[in-house]
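Structural overview for review
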Amino acid sequence: MQEKYLVFTGRPNAGKSSLVKEIAGLNIPTGKHAGTTRKVSYYPLNDGLVLVDLPGLGKMVGVSRKFEEKINRQIIHFLESNKENIALAVAVMDISTFLEVTWRLEKKGIMSVDVEMVKFLESNIGELPLVAANKIDKTNQKDLEANLDDFMNRISDGDPTKVKDNVFPISAKKGTGVGELKAAIHEKLVAKGYKTPFKRETQQQ
Ligand SMILES: Nc1nc2c(ncn2[C@@H]2O[C@H](COP(=O)(O)OP(=O)(O)OP(=O)(O)O)[C@@H](O)[C@H]2O)c(=O)[nH]1
Ligand SMILES: [Mg+2]
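Now for a quick tour of the structure. Model, not experiment: these values are computed from the prediction.

Let's talk about the overall build of the protein chain
Helix and strand counts for the protein chain come out as six helices and six strands. Moving toward the C terminus, one meets the helices and strands of the protein chain in the order β-α-β-β-α-β-α-α-β-α-β-α. Computed over its C-alpha atoms, the radius of gyration of the protein chain comes to 16 Å, within 12% of the 17 Å expected for a compact globule of 205 residues. Across its three principal axes, the protein chain shows a C-alpha extent of roughly 45 × 40 × 30 Å. The burial tally for the protein chain puts 39% of its 205 residues in the buried class.

Thoughts on the pairing of strand 2 (residues 41–44)
Sheet topology note: the strand 2/strand 3 (residues 49–53) ladder contains four bridges and is antiparallel. Bridging from a neighbouring strand, S41 pairs with D53 of strand 3. Between strand 2 and strand 3, which pair antiparallel in sequence order, lie four residues; one of them, D47, sits at a positive phi of approximately 60°.

As for the nonpolar core
Ranked by size, the top nonpolar core spans 47 residues in total, and within it L6, V90, A91, V131, A132 and A133 carry the most contacts. When residues in this core are grouped by element, the largest group, eight residues, is from strand 4 (residues 86–94). Ignoring any residue separated from it by four or fewer positions in sequence, one finds A133 in contact with M93, I95, L148, V167, F168, P169 and I170.

Regarding helix 2 (residues 65–81)
Compared with the 24 Å implied by 1.5 Å per residue over 17 residues, the 24 Å span of helix 2 between its first and last C-alpha is a close match. When we look at burial in helix 2, the residues that qualify are E68, I71 and L79. What you see down the axis of helix 2 is that its buried residues fit within an arc of 70°, all on one side. Those residues of helix 2 that are exposed and aimed more than 90 degrees away from the buried face are K66, E69, K70, R73, H77, E80 and S81.

Observations regarding the sheet that holds strand 2
Taken in spatial order, the six strands of this open sheet run 2-3-1-4-5-6, and their pairing is mixed. Strands at the two margins of the open sheet, each flanked by one partner only, are strand 2 and strand 6 (167–169). Each neighbouring strand pair of the sheet contributes to a mean axis angle of 20°, computed without reference to strand direction. Pairing of strand 1 (residues 4–10) with strand 4 involves six bridges; the strand directions are parallel. Residue pairing for strand 4: Y5 is matched across the bridge by I86. Set on the sheet, helix 1 (residues 16–24) makes contact with strand 1, strand 2, strand 3, strand 4 and strand 5 (130–134); between it and strand 3 the angle comes to about 150°. Of the strands in this sheet, strand 1, strand 4, strand 5 and strand 6 are in contact with helix 6 (residues 178–191), which crosses strand 4 at around 160°.

Notes on the site of ligand 1
Of all residues adjacent to ligand 1, which total 24 residues, the nearest are G15, S17, S18, T37 and G56. At three residues, helix 1 tops the list of elements feeding residues into the shell around ligand 1. Considered class by class, the residues forming the shell around ligand 1 number five nonpolar, 13 polar and six charged.

Examining helix 6
Turn by turn, an α-helix covers 3.6 residues, leaving residues three or four places apart pointing in a common direction. In a regular helix each residue adds 1.5 Å, so 14 residues correspond to 20 Å; helix 6 covers 20 Å between its end C-alpha atoms and thus fits that length. In this structure, the buried residues of helix 6 make contact with strand 1, helix 1, strand 4, strand 5 and strand 6. The first or second residue beyond helix 6 is G193, which carries a positive phi of 100°.

What to know about the environment of T36
Topologically, T36 is positioned in the loop between helix 1 and strand 2. Judged by local crowding, T36 falls into the buried class, with 20 C-beta atoms found within 10 Å. The sequence separation of T36 and V61 amounts to 25 residues, and the corresponding C-alpha distance is 8.6 Å.

About the thresholds
Residues numbered from 1 in each chain as written. Chains lettered and ligands numbered in written order. Predicted model: local features only at pLDDT ≥ 70, side-chain atom pairs only at ≥ 80, totals over all residues. Helix = DSSP H or I, 4+ residues; strand = E, 2+ residues; numbered from the N terminus. Rg over C-alpha atoms; globule rule 2.2 N^0.38 Å. Buried ≥ 20, exposed ≤ 12 C-beta atoms within 10 Å, placed from the backbone. Pairing = 2+ DSSP bridges. Core = buried A, V, L, I, M, F, W, Y, C linked by C-beta atoms within 7 Å. Contact = placed C-beta atoms within 7 Å. Expected span 1.5 Å × (residues − 1). Arc of directions from axis to C-beta. Axes fitted to C-alpha atoms, helices over the stretch in contact; angles between N-to-C directions. Near = placed C-beta within 6 Å. Nonpolar A, V, L, I, M, F, W, Y, C, P; charged D, E, K, R; others polar.

The structure is reproduced here in structure tokens:
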């Protein structure tokens, strides 16, 4: 039977692997520098579902430009060739630096990779992904709200009410909000027929 995927996407260093660790209780490598996860990594869950921790899409530290491009192509290839097999996508982003990074890129005429990723997943898979707005512990409430508002405006083309239920402010490091996100992932998967995706006995350690 064709495997189905619960996939975690995002820029390098966004906190994808840290979140996967928290959500699925897996002991996998995380790191200070962008580019820790260097291959598409598969972790079987229950019900024929496989969790996929992707490398980061974008600039990595400590690898050649050629290797970085190869990995970036692999990520896009995985997402495009598996669009029928992706049960659910979770786009992980660093919300604490969102506006700062977005403005810097805009000056160079480049669109935010986080916004682009959400839009790409939405059109590729046919539904809005869940979004883990991570690293809220690194920002204050006022900046967090400004960053979240701006991000939600951008991914919804100016109608944030359409997307707000999909966006979860979290700290993978401290655990804040992770329970709510996990519950939302669980609920979406159950609605798609995966009854006990996170059941522990069949999980890889
Ligand atoms: N302050 C803070 N740091 C975090 C949080 N989540 C992850 N980090 C840190 O961010 C760094 C990157 O975390 P990873 O989980 O390796 O990120 P990743 O997205 O898997 O990165 P790549 O595999 O390189 O694409 C590590 O130093 C983590 O400890 C968070 O919520 N708050
Ligand atoms: Mg990683």
